[in-house]
Amino acid sequence: MNAPEFFDAPDRSTTAEALAKEFRDVFGVGPAGVWSAPGRVNLIGEHVDYTGGLCLPLALPHRTFVALRPRTDGVVHVRSLQEAGGQVDVDLSSVGAGSPTGWAAYVAGVPWALQQRGLAGEVLSGGFDAVVDGHVPYGSGLSSSAALECAVAIALGELAGAPLDDAGRAALAGACQLAENVVAGAATGGMDQAASLRCHEGGAILLDTDDDSVTQVALDLAGAGLALLVVDTRAEHSHAGGEYGKRRADVERAAQLLGVPNLRGVDPAGLDEALDRVGAEPDGEVLRRRVRHAVTEIDRVRRTAQLLQAGKASRIGDLLDASHDSLRDDYEVSCRELDLTVDVARAEGALGARMTGGGFGGSAIALVPADRVGAVADAVAAAFAAQALAAPRFLTALPAEGAGRDL
Ligand code: ADP
Ligand code: MG
C-alpha cells in the first residue's frame, strides 16, 4: 500500500500573486485586487444549522482565491482554474432562481444576493471580470462552494465600501447563503458561509444559527498535545440532492407539530415529551429520530464549547463519538466510508471521531494525540485498501483566518 496522501494548503501570498498574473494574462490589465476565503471543517453541531441550532466550525488553511476587477456594463466574465470549460459570461440581469446553472451560480449569485439584501452599491451592479483558483477540494464536505461565494462577497463588499467588521461579515454571509439556496439551488443552512467569513486564526466559532450570533472559541489543540485529522473519504456526496432536502423537510414538519419556530425551541429537558408527540404521527418513528438527533446534537455543541472554553479539549472525544452515532443511526446521513473511517480511527487511539459536513460521503474528523496522526492515517488508508475503496486523502486542520484581501 502507498503512503497516505496528505494535501497541504499552498502558500497564500504566492498563490495570490500567481493568480493576479493569470488575470493580467487573460484580461490584459491587472485586477483591482485578490481576495480569498477558506473552506471549513465543523467540529460538532451537524445538520442543525437549518433548525436554529448551534455549531462549532473552524476555517481551514485551504482557501479559494479570486482576482477581480469591476466592469460597468452589468456583465460578469469569470474563469476558474479548476474548470476546463473556459470563460463563462453572465449578464447580471439574467441571474435569479436556478440561473445561471453550473459553477458560475456560486459566483454570479453573489452580486444578485447582495442586491436582494440591499447591500449593493454601483460597483455591484456593474459586473466584473474574475479569475478563480480554489484549493478546497470539491464535494469533500469542506465547503468549496461557500469558499467560492465568500471570496467573491468579500471582494465585492470591500470594493463597494461595505463594513467588514463581524456584523458586516454576517450580512455578507447571509447573502452568500441566499445565493447558494436560490441561485445554485442547494437548500443548505448558514454554517458554511459564517465560518468562511467570521472565523479567526487559532479558534473555532460557536455559531448560534437562531440569532446569527458568534462567539469566538480558542482552539489550541497543539497545546493540548492533540491534532484534528480530517479524512476526505472521496466518497460521492450531493447536497443539492434529495436526502438533504428531505431531512430539512422532516425537521420543519416536526417543529410545526411541536408548535415551535425550529427545533432549537425544544428544551433538552422536554425531549421525551416532544418525542412522544411527534411519535404519534403516521411517520412518527422517523420524526422521533430526527428530533432526537437535533435536540441532543445542539446540547452536545453547548457542552463541547464549555469544555473548550475551560481548556479541556482532551475531554470532548465522547461528544464527537456521540455526534457521529446520532448522525448515523438517528439522522441517517452517514455512509459506509464515513463509518469505516470513524471505527478505524477510534480503534487506533482517536479520542473521538465523527463525520463532518452534510454527509452521504465527504469527510470525517478524528481528534487524535499529535503523535498518533501518522498511525491513524495509515490504518484508515489500509482499511480502505482492504475493502477496495478509493484511497482517502488527509489533512490536519489548524484553525485559519476567515475571508480577506491578499493583494
Ligand atoms: P462542497 O461545498 O462540500 O465542496 P458543493 O457541492 O456544495 O460541495 O460545492 C461544490 C461545487 O462548487 C462545485 O461542483 C463547483 O460547482 C463549485 N466550486 C467550488 N469551488 C470552485 C472553483 N474553484 N471553481 C469553480 N467552481 C467551484
Ligand atoms: Mg457546499
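In the block above lies the structure referred to throughout.
This report concerns the structure included in the present document. (Residues numbered from 1 in each chain as written. Chains lettered and ligands numbered in written order. Predicted model: local features only at pLDDT ≥ 70, side-chain atom pairs only at ≥ 80, totals over all residues. Heavy atoms only, no water.)

1. Structural notes on helix α1 (residues 12-27)
Then step 1. Here α1 is 16 residues long and its end C-alpha atoms lie 22 Å apart, about the 22 Å a rise of 1.5 Å per residue gives.
Then step 2. Buried residues along α1 sit against β2 (33-42), β4 (57-70) and β7 (127-134).
Then step 3. A positive phi of about 75° marks Gly28, the residue just after α1. (Helix = DSSP H or I, 4+ residues; strand = E, 2+ residues; numbered from the N terminus. Expected span 1.5 Å × (residues − 1). Contact = heavy atoms within 4.5 Å.)

2. Considering the packing of helix α5 (residues 166-183) against helix α6 (residues 191-198)
Then step 1. Running from amino to carboxyl end, α5 crosses α6 at an angle of 145°, the nearest separation of the two axes being 8 Å. In the crossing of α5 with α6, the sense of the turn from one axis to the other is right-handed. Two secondary-structure elements touch here, α5 through Asp166, Arg169, Ala170, Leu172, Ala173, Cys176, Gln177 and Glu180 and α6 through Gln193, Ala194, Leu197 and Arg198.
Then step 2. Looking at side-chain class alone, the contact of α5 with α6 contains six nonpolar, two polar and four charged residues. (Axes fitted to C-alpha atoms, helices over the stretch in contact; angles between N-to-C directions. Left-handed = near helix turned anticlockwise from the far one by under 90°. Nonpolar A, V, L, I, M, F, W, Y, C, P; charged D, E, K, R; others polar.)

3. Points about the environment of Glu83
Then step 1. Inspection of the secondary structure puts Glu83 in the loop between β5 (75-80) and β6 (88-91).
Then step 2. Separated by 20 residues in sequence, Glu83 and Trp103 place their C-alpha atoms 8.5 Å apart.
Then step 3. Aside from chain neighbours lying at most four places away, what touches Glu83 is Trp103 and Tyr138.

4. What to know about the environment of Val66
Then step 1. By the element assignment, Val66 lies in strand β4.
Then step 2. Overall, Val66 belongs to the buried group, its relative accessible area being 0%.
Then step 3. For the pair Val66 and Tyr331, spaced 265 residues apart in sequence, the C-alpha separation works out to 36 Å.
Then step 4. Look past the residues within four positions of Val66 in its chain and what remains in contact with it is Leu19, Gly33, Val34, Trp35, Ala130, Val131, Val132, Ala151, Val152 and Ala155. (Buried < 20%, exposed > 50% of the residue type's maximum accessible area, 1.4 Å probe, protein only.)

5. Side note on the site of ligand 1
Then step 1. For ligand 1, the set of nearby residues contains 18 residues, the closest of which are Ser80, Gln82, Gly139, Ser144 and Ser145.
Then step 2. With respect to ligand 1, the backbone of Gly139 contributes an N or O atom lying 2.8 Å from an oxygen atom.
Then step 3. Within the side chain of Ser144, an N or O atom sits 2.6 Å from an oxygen atom of ligand 1.
Then step 4. Starting from 560 Å² of accessible surface for ligand 1 in isolation, the protein chains cover 87%.
Then step 5. Only β7 and α4 (144-159) provide two or more residues apiece to the shell around ligand 1.
Then step 6. Here the shell around ligand 1 gets three residues from one element, more than from any other, and that element is α4.
Then step 7. Split by residue class, the shell around ligand 1 holds seven nonpolar, ten polar and one charged. (Near = heavy atom within 4 Å. Polar contact = N/O pair within 3.5 Å; in protein donor to acceptor, adjacent residues only side chain to side chain. Areas by Shrake-Rupley, 256 points an atom, 1.4 Å probe, with all protein chains shown as cover.)

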